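So you can see what is in the structure, the chains are spelled out below.
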Amino acid sequence: MIRVRKLVKRFGPKIVLRSMDFDVAAGEFVALLGPNGAGKTTFLRILASLSRPALGEVRIAGYRLPDQAAAVRRRLGVVSHQPLLYGDLTAMENLRFYGRMYAIDDMERRILDVLEMVGLANRRHDLVRTFSRGMQQRLAIGRAVLHDPEVMLFDEPHTGLDQDACAMLDNVLRAVAARGRTVVMTSHDLARAADLASRFDVLSRGKIVASVQRAEMETTNNLLAFYRQAVSEPEASRG
Amino acid sequence: MDEQLSVSVEVPRVGLRAQTANFLRAMWAVVWKDLAAEWRSRELLTGMLVFALLVILIFNFALELDAKARASVTSGVLWVTFAFAGTLGLNRSMAAEKDRGCLDGLLLAPVDRSAIYFGKAIGNLIFMLIVELVVLPVYSVLYNTNLFSPGLLLVILLGSVGYVAVGTLLSTMAVQARTRDILLPILLFPLVLPVLIAAVKASGGILQSVPWEEVQVWINLLVVYDVIFVSIAFMFFDYVVEE
Amino acid sequence: MEAKPRWLNVLDILTAIFFVAAVLLVFVYTPMERTMGQVQKVFYFHVATAWVGMLGFLVAAIAGVSYLVKGERKYDIIGLAAVEISLVFFFVAIVMGSIWARPIWNTWWTWDPRLTTATIVELIYAAYIMLRQGIEDPDRRARFGAVYAILGFISVPLTFISIRMLRTIHPVVIGSSDPSAEGSFNMSPKMRVAFFFSLFTFSMFFADLLWHRVRMGKLAAKVEELRLKVSA
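Computed from a prediction, not measured in an experiment: that's the story for all the values here. (Residues numbered from 1 in each chain as written. Chains lettered and ligands numbered in written order. Predicted model: local features only at pLDDT ≥ 70, side-chain atom pairs only at ≥ 80, totals over all residues.)

## Some details on the overall build of chain C
Here's step 1: Counting its regular elements, chain C contains six helices and zero strands.
Here's step 2: Counting contacts in chain C only where the partners sit at least 6 residues apart, residues at least 24 apart contribute 79% of the total. (Helix = DSSP H or I, 4+ residues; strand = E, 2+ residues; numbered from the N terminus. Contact = placed C-beta atoms within 7 Å.)

Encoded structure:
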């Protein structure tokens, strides 16, 4: 579903991603782990077509970025650590706006379904400004799944949420992933990631330095050990 | 699966009419969204209006706007007021997109960037015209004149179009800078000067009822400037929002 | 660290020689202008500095287009260099114009189309530099700089036209704002030689400065790169 070859991204003189390879099969839920500044957000922004790769090939659902960006965007749902919502509009109006941008059929019904799924149906006529951080984040997910995308990207979705909000968010994330969608999620919360993902990749120094399937992991502790080793060893081999 | 995916997929060709429909739908969605949000908060319009009235008040004392002086400076006072209030609105409108990352949300949508540009620009134009339509009668009442003439309204519309066209582009740049609050007027005023000169001259001509041919020269110029500024602004919008 | 290119040394020396020659031409070779006297000598340098200012403006716009098309960092460095040089030269041109205008037009400043336009160009440069200072990301800084330089290049001629029209529709009462009216003169052949020589010298001076500044910009980029490598 996602195929990245020899991806390079620079910020001025600074090289963020150096010849990175990355593959995700349809239906996989990949947690992208890594220390701060490893380039996780940058990488996700490239997948999201918000940032242009300097070199290399990026394909999502077969479409090439950046030149087939419009086709990619139609198949992509993105949740960043900012909610991408308008505070002065209600939940309903926010979704209606994005629904128009994505040209969704039977919009009103779809919006109600989505609000039901993220548990905000009873607050649909309230201004987003009055929502708690957790509610905003759930609505942000609703916004991202509105057009029923094949691929979803989550950038640190748990940032700034308390335990309860995290648990509710996880339920929504599971519901999203259960529908056979391909998901890539960045996170530095290993415990949360361990519960959700089916595969764990470690991004460090601009490359994927290690990758492991959930099936090969027995406990969360194993993941922690795996992560520590991957980050500390510069030449750790894949998988 | 992988094998199959590595083969290039052709983007389905969409007909011209469908493309136009998509463009217009996205553009109006952006306009509608800005108007609906403003209807709720009324922050932007209130700010612009109060500021505009304050500017007129200050001019009143600074220039001793008696009947004689007024005839020659009214058009200048009006356009300075519009320009200042305009930067306030432009800044606010773009800051709203930047604050919760909404600009990214817009860019993620599968629509042409120019639809976003024109949507924002039309929203800004509507706010600016509303402010102008409030300032005109207030000014008329305060100084016991009548500023409502079809000619002046036309000039105000044309001047605002050029101003907003450049302003929307530059405010998109300004909000992405660290110094965003002070940057917009500094970037905007020297560039938009030709529009302001033509607008002031045309309005002044109409208010002092000089022969129409003399005014028309300026109106023609305004139309030309509008065409130039609208087309370059929308050409460059892509470069200003893409990374 | 690469050595200073040999041709740059040659250009340095040539520029210096030509500069001395230009000064000699202007002060020794050219005849004294009959009505204006000494102060007319300013003219040779005034026009030349303004010319360099325009040249820098043009180079910045071309570099801007090249950057947007090709995305190579060197065009950004060239654009910034051209704007910085042009900023200084336009300022010098305006000051020299004032020195000349004081005895001839009897005022330091008039809202003459050229003077006003030169001032607006300075303001656009100031805005350009402020815009760059406000942006951290080097790519975005380069992109915005390029866009702004091009917009300025399109807008300034329109401003000039507008101000010109302003003067033709409303004739100016106090004095004349056009040099062709008051303070104009016909150049003698000797004056013409000095004038074009000075134009050429200043163009060379511009090329020399631009080269130095671009080289400096590239070195600065390299330093930044090395620093990142060390800290990484």
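Once you've had a look at it, read on.
## Details of the overall build of chain A
Here's step 1: Within chain A, the secondary structure is distributed over eight helices and 10 strands.
Here's step 2: In terms of overall size, chain A behaves like a compact globule, its C-alpha atoms giving a radius of gyration of 18 Å where 239 residues would be expected to give roughly 18 Å.
Here's step 3: Each principal axis of the C-alpha atoms in chain A carries an extent, and together these give about 55 × 40 × 30 Å.
Here's step 4: By the burial criterion, 49% of the 239 residues in chain A qualify as buried.
Here's step 5: Of all intrachain contacts in chain A linking residues separated by at least 6 positions in sequence, the fraction that spans at least 24 positions is 70%. (Rg over C-alpha atoms; globule rule 2.2 N^0.38 Å. Buried ≥ 20, exposed ≤ 12 C-beta atoms within 10 Å, placed from the backbone.)

## What about the interface of chain B and chain A?
Here's step 1: Taken residue by residue, the interface counts 28 residues in chain B and 34 residues in chain A.
Here's step 2: Going through the elements one at a time, helix 1 (2-6), helix 2 (16-41) and helix 5 (102-108) of chain B are the ones with two or more residues in the side of chain B that touches chain A.
Here's step 3: The element best represented in the side of chain B that touches chain A is helix 2 of chain B, accounting for nine residues.

## So, the nonpolar core
The tendency in soluble globular proteins is for nonpolar side chains to be buried side by side.
Here's step 1: Counting 213 residues, the largest nonpolar core has A:Leu47, A:Leu153, B:Val166, B:Leu187 and B:Leu222 as the members making the most contacts within it.
Here's step 2: Per element, the largest residue contribution to this core is 16 residues, and it comes from helix 8 (residues 180-207) of chain B.
Here's step 3: Discounting residues that sit within four places of it in the chain, A:Leu153 has contacts with A:Leu44, A:Leu47, A:Ala48, A:Leu76, A:Val78 and A:Val184. (Core = buried A, V, L, I, M, F, W, Y, C linked by C-beta atoms within 7 Å.)

## Re the interface of chain A and chain C
Here's step 1: Contact residues are listed per partner, giving four residues for chain A and seven residues for chain C.
Here's step 2: Residues belonging to the side of chain A that touches chain C are distributed by class as follows: two nonpolar, one polar and one charged. (Nonpolar A, V, L, I, M, F, W, Y, C, P; charged D, E, K, R; others polar.)

## As for helix 4 (residues 67-99) of chain B
All names here are of chain B.
Here's step 1: Its 33 residues give helix 4 an end-to-end C-alpha distance of 46 Å, which sits within 8% of 48 Å, the value for a rise of 1.5 Å per residue.
Here's step 2: Of all the bends in helix 4, the greatest measures close to 60° and is centred on Val 73.
Here's step 3: Looking at the residues trailing helix 4, positive phi occurs at Gly 101, about 75°. (Expected span 1.5 Å × (residues − 1). Bend = angle between axes of the 7 residues up to and from the residue.)

## Quick notes on the confidence of the model for chain C
Here's step 1: The predicted model of chain C averages 84 in pLDDT, with 89% of residues at 70 or higher.
Here's step 2: This prediction of the complex comes with two scores: 0.89 for pTM and 0.88 for ipTM. (pLDDT = per-residue confidence, 0-100.)

## What to know about the environment of B:Glu38
Residue and element names in this part refer to chain B.
Here's step 1: Along the chain, the position of Glu 38 falls in helix 2.
Here's step 2: Expressed as a C-alpha distance, the spacing of Glu 38 and Ala 174, which sit 136 residues apart in the sequence, is 21 Å.
Here's step 3: Setting aside residues up to four positions removed in sequence, Glu 38 forms contacts with Leu 44 and Leu 45.

## Brief notes about the sheet that holds strand 3 (residues 29-33) of chain A
Residues and elements named next belong to chain A.
Here's step 1: What the six strands build is an open sheet, ordered 6-7-8-3-9-10; its pairing is mixed. For this open sheet the edge positions go to strand 6 (76-79) and strand 10 (207-213), each flanked by a neighbour on one side alone. Neighbour-to-neighbour, the strand axes of the sheet open up by a mean angle of 15°, direction not taken into account.
Here's step 2: Two elements, strand 3 and strand 9 (residues 199-204), share four bridges in a ladder whose sense is parallel. Bridging from a neighbouring strand, Val 30 pairs with Arg 199 of strand 9.
Here's step 3: Its contacts with the sheet put helix 5 (residues 133-145) on strand 6 and strand 7 (151-155), and the angle it makes with strand 6 is roughly 165°. (Pairing = 2+ DSSP bridges. Axes fitted to C-alpha atoms, helices over the stretch in contact; angles between N-to-C directions.)

## As for the packing of helix 8 of chain B against helix 4 (residues 113-133) of chain C
Here's step 1: Taken N-terminus to C-terminus, the directions of helix 8 of chain B and helix 4 of chain C make an angle of 150°; their axes are 9 Å apart at the nearest point. Considering their axes alone, helix 8 of chain B and helix 4 of chain C lie roughly antiparallel with respect to each other. In the packing of helix 8 of chain B onto helix 4 of chain C, the handedness of the crossing is left-handed. On helix 4 of chain C, the residues touching B:Leu183, B:Ile186, B:Leu187, B:Pro190, B:Leu191 and B:Leu193 of helix 8 of chain B are C:Ile120, C:Leu123, C:Ile124, C:Ala127, C:Met130 and C:Leu131.
Here's step 2: Across the contact of helix 8 of chain B with helix 4 of chain C, the residue classes break down as 12 nonpolar, no polar and no charged. (Parallel < 35°, antiparallel > 145°, perpendicular 65-115°, else oblique. Left-handed = near helix turned anticlockwise from the far one by under 90°.)

## Remarks on the pairing of strand 10 of chain A
Residues and elements named next belong to chain A.
Here's step 1: Inspection of the sheet shows strand 9 paired to strand 10 by six bridges, in the antiparallel sense. Each residue of the ladder has a partner; that of Arg 199, found in strand 10, is Gln 213.
Here's step 2: Connecting strand 9 to the next strand, strand 10, in antiparallel fashion are two residues, including Arg 205 with a positive phi near 50°.

## Some thoughts on the pairing of strand 4 (residues 55-60) of chain A
Residue and element names in this part refer to chain A.
Here's step 1: Judged from the five bridges that link them, strand 1 (residues 2-11) and strand 4 form a sheet pairing that is antiparallel. Its bridge partner lying in strand 4, Val 4 is registered against Val 58.
Here's step 2: Direction of pairing for strand 4 relative to strand 5 (residues 63-65): antiparallel, over a ladder of three bridges. Across the sheet, residue Arg 59 finds its bridge partner in strand 5, namely Arg 64.
Here's step 3: Counting the residues in the hairpin turn of strand 4 and strand 5 gives two residues, including Ala 61, whose phi is positive at 50°.

## Brief notes about the sheet that holds strand 5 of chain A
All names here are of chain A.
Here's step 1: Taken in spatial order, the four strands make up an open sheet running 2-1-4-5, and their pairing is antiparallel. The open sheet is flanked by strand 2 (14-24) and strand 5, the only strands paired with a single partner. On average, each strand axis in the sheet is tilted by 30° relative to the strand beside it, whichever way the strands run.

## Overview of the environment of B:Met173
Residues and elements named next belong to chain B.
Here's step 1: On the secondary structure map, Met 173 appears in helix 7 (residues 150-174).
Here's step 2: Given 29 C-beta atoms within 10 Å, Met 173 falls into the buried group.
Here's step 3: It is 37 Å that separates the C-alpha atoms of Met 173 and Glu 214, two residues lying 41 residues apart in sequence.

## As for unusual backbone geometry
Residues and elements named next belong to chain A.
Here's step 1: Pro 66 follows Leu 65 through a cis peptide bond whose omega is 0°.
Here's step 2: With respect to the element layout, Pro 66 can be found in the loop between strand 5 and helix 2 (69-74).
Here's step 3: If you check the backbone angles, Glu 156 has positive phi at about 45° while not being a glycine.

## A short note on the packing of helix 4 of chain B against helix 8 of chain B
Residue and element names in this part refer to chain B.
Here's step 1: Relative to each other, helix 4 and helix 8 sit at 145°, their axes nearing to 9 Å. Our pair here, helix 4 against helix 8, has a crossing hand that is right-handed. Only Leu 184, Pro 185, Leu 188, Leu 196, Ala 199, Val 200, Ser 203, Gly 204 and Leu 207 of helix 8 make contact with helix 4, whose side of the interface consists of Thr 74, Ser 75, Gly 76, Leu 78, Trp 79, Ala 83, Thr 87, Leu 90 and Asn 91.
Here's step 2: Grouping the amino acids of the contact of helix 4 with helix 8 by side-chain chemistry returns 11 nonpolar, seven polar and no charged.

## So, the environment of B:Leu221
Here's step 1: Relative to the helices and strands, B:Leu221 is located in helix 9 (residues 212-241).
Here's step 2: Since 22 C-beta atoms lie within 10 Å of it, B:Leu221 is described here as buried.
Here's step 3: Considering only alpha carbons, one finds B:Leu221 and B:Gln19, 202 residues apart in sequence, at a separation of 33 Å.
Here's step 4: The contact partners of B:Leu221, leaving out residues within four places of it in the chain, are B:Ala198 and C:Ser162.

## Remarks on the confidence of the model for chain A
Here's step 1: Averaged over all residues, the pLDDT of chain A is 86; the fraction at 70 or higher stands at 95%.
Here's step 2: The secondary structure element of chain A with the lowest average pLDDT is helix 8 (residues 220-232) of chain A, at 79, and the one with the highest is helix 3 (residues 91-101) of chain A, at 94.

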